[in-house]
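# A closer look at the structure
Here is how the chains run, residue by residue.
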Amino acid sequence: QVQLVESGGGLVQAGGSLRLSCAASGRTFGNYAMGWFRQAPGKEREFVAAISRSGGSTNYADSVKDRFSISKDNAKNTVYLQMNSLKPEDTAVYYCAADKTPWGARVGVHEYDYWGQGIQVTVSS
């Protein structure tokens, strides 16, 4: 069992930056690939970024590529999402998630086993 807690969200102007953190409980954080997803009002939850167990492989949605960066610190049991050049369309509740797969950084919502409670990110124009 893994418990995930997101932090770092808030309100930012377009063009600004935020860094989300997701702290995980338990001693086996290094056994999980991690992902970030988001859900805007009236829309389905969508993939944002993912990172493999070791951190050696990453994956990004086309809409955030070159603006967002995911990283993982296994010693601190934490995964980060650095978000730069934010746009109003990035406004959503952001969720981190843990995936038990040993293979890469997956993009499917249903492939993840544990989820945080979510944190609001609002980008004003």
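Residues numbered from 1 in each chain as written. Predicted model: local features only at pLDDT ≥ 70, side-chain atom pairs only at ≥ 80, totals over all residues. Heavy atoms only, no water.

### Here's the deal with the overall build of the chain
Looking only at helices and strands, the chain features zero helices and 11 strands. Along the chain, helices and strands appear, N-terminal first, in the series β-β-β-β-β-β-β-β-β-β-β. Over its C-alpha trace the chain gives a radius of gyration of 13 Å, about what one expects of a compact globule, namely 14 Å for 125 residues. Considered along the principal axes of its C-alpha atoms, the chain spans approximately 40 × 25 × 25 Å. Buried residues in the chain amount to 45% of all 125 residues. Within the chain, residue pairs in contact and separated by at least 24 positions form 59% of the contacts whose partners lie at least 6 positions apart. Of the accessible surface of the chain, which amounts to about 6300 Å², a share of 46% is contributed by carbon and sulfur atoms. Taking the average location of the 13 positive side-chain charges in the chain and that of its 11 negative ones, the two points are 6 Å from each other. (Helix = DSSP H or I, 4+ residues; strand = E, 2+ residues; numbered from the N terminus. Rg over C-alpha atoms; globule rule 2.2 N^0.38 Å. Buried < 20%, exposed > 50% of the residue type's maximum accessible area, 1.4 Å probe, protein only. Contact = heavy atoms within 4.5 Å. Areas by Shrake-Rupley, 256 points an atom, 1.4 Å probe, with all protein chains shown as cover. Lys, Arg positive; Asp, Glu negative; His and termini not counted. Charge placed at Lys NZ, Arg CZ, Asp CG, Glu CD.)

### A word on the nonpolar core
In this structure, L4, M34, W36, L81, M83 and Y94 are the most contacted members of the largest nonpolar core, which totals 38 residues. Those elements that provide at least two residues to this core are strand 3 (18-24), strand 4 (33-39), strand 5 (46-51), strand 7 (68-73), strand 8 (78-83), strand 9 (92-99) and strand 11 (119-124). (Core = buried A, V, L, I, M, F, W, Y, C linked by side-chain atoms within 4.5 Å.)

### Points about the pairing of strand 3
When you tally the buried positions in strand 3, you get five out of seven residues, the bulk of the element. Alignment of strand 1 (residues 4-7) against strand 3, held across four bridges, turns out to be antiparallel. Of the residues in strand 3, the one forming a bridge with L4 is A24. Here strand 3 runs beside strand 8; their pairing, made up of six bridges, is antiparallel. The partner of L20 across the bridge, within strand 8, is L81. (Pairing = 2+ DSSP bridges.)

### Let's talk about the sheet that holds strand 1
Pairing is antiparallel in the open sheet, where four strands are placed in the order 1-3-8-7. This sheet does not close on itself; its edge strands, each paired only once, are strand 1 and strand 7. Between one strand axis and the next, the sheet turns by 15 degrees as a mean value, whatever way the strands run. (Axes fitted to C-alpha atoms, helices over the stretch in contact; angles between N-to-C directions.)

### Topic: unusual backbone geometry
Negative phi is the rule for most residues except glycine; trans is the rule for most peptide bonds. Although it is not a glycine, N77 sits at a positive phi angle of roughly 55 degrees. The exposure class assigned to N77 is buried, which follows from its relative accessible area of 17%. One non-glycine residue, S85, lies in the positive phi region at around 50 degrees. Mapped onto the secondary structure, S85 falls in the loop between strand 8 and strand 9.

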